[in-house]
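Topology and contacts: notes
Here is what each chain is made of, one letter per residue.
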Amino acid sequence: MSTVTFQAGANIKIDEDECVGCRKCVEVCPEDVYELEKRPGETDPNREYKSIVIASEKCILCLSCLEICGKNAIYIEGKQ
Ligand code: SF4
Ligand code: SF4
């Protein structure tokens, strides 16, 4: 049986088109990987903000953000 060893951090992508800036990922992440950023020039109040990844190297792959994002906008790939 082979075992997979994950290194610290992860490759994280956020689908900007799907993200509605609800802030749930920012709040749930125990490692402060995310931050909300204002979309420049956005006039739709429901899309004023988007989540961005500011510290992917701190991700511990708890997957809480994946579970909480109602838009399925987050993609995470662990580093092996
Ligand atoms: S939880 Fe999903 S929709 Fe909400 S801010 Fe994070 S990525 Fe965007
Ligand atoms: S998997 Fe956990 S540690 Fe990694 S970004 Fe999501 S909530 Fe943060």
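The present account deals with the structure reproduced in this document.

Calculation notes
- Residues numbered from 1 in each chain as written.
- Chains lettered and ligands numbered in written order.
- Predicted model: local features only at pLDDT ≥ 70, side-chain atom pairs only at ≥ 80, totals over all residues.
- Helix = DSSP H or I, 4+ residues; strand = E, 2+ residues; numbered from the N terminus.
- Buried ≥ 20, exposed ≤ 12 C-beta atoms within 10 Å, placed from the backbone.
- Contact = placed C-beta atoms within 7 Å.
- Core = buried A, V, L, I, M, F, W, Y, C linked by C-beta atoms within 7 Å.
- Near = placed C-beta within 6 Å.
- Nonpolar A, V, L, I, M, F, W, Y, C, P; charged D, E, K, R; others polar.

Examining the overall build of the protein
- From N to C terminus, the protein includes two helices and four strands.
- What you see in the protein, going N to C, is helices and strands ordered as β-α-β-β-α-β.
- Projected onto its principal axes, the C-alpha positions of the protein cover 55 × 20 × 20 Å.
- For the protein, buried positions account for 18% of its 80 residues.
- Long-range contacts, defined here as pairs at least 24 residues apart, represent 68% of the contacts in the protein between residues at least 6 apart.

What about the nonpolar core?
- In this structure, Cys 25 and Ile 74 are the most contacted members of the largest nonpolar core, which totals 13 residues.
- Ranked by residue count, the leading element in this core is strand S1 (residues 10–14), at three residues.
- Other than its neighbours up to four places away in sequence, Cys 25 contacts Tyr 34, Ser 51, Cys 65, Ile 68, Cys 69 and Ile 74.

So, the environment of Val 26
- In this structure, Val 26 sits in helix H1 (residues 24–28).
- Separated by 23 residues in the primary sequence, Val 26 and Tyr 49 place their C-alpha atoms 12 Å from one another.
- When residues no more than four places from it in sequence are discounted, the contact partners of Val 26 are Tyr 34, Glu 35, Leu 36 and Ser 51.

Looking at the site of ligand 1
- Lining the immediate environment of ligand 1, one finds 14 residues, of which Cys 19, Cys 22, Cys 25, Ser 51 and Cys 69 sit closest.
- Of the residues that constitute the shell around ligand 1, the class distribution is nine nonpolar, two polar and three charged.

Remarks on the environment of Asn 11
- Structurally, Asn 11 can be placed in strand S1.
- Judged by C-beta crowding, with 12 C-beta atoms within 10 Å, Asn 11 ranks as exposed.
- For the pair formed by Asn 11 and Arg 23, sequence separation is twelve residues and the distance between their alpha carbons is 20 Å.
- Apart from residues no more than four positions distant in its own chain, Asn 11 is found in contact with Ser 56, Glu 77 and Lys 79.

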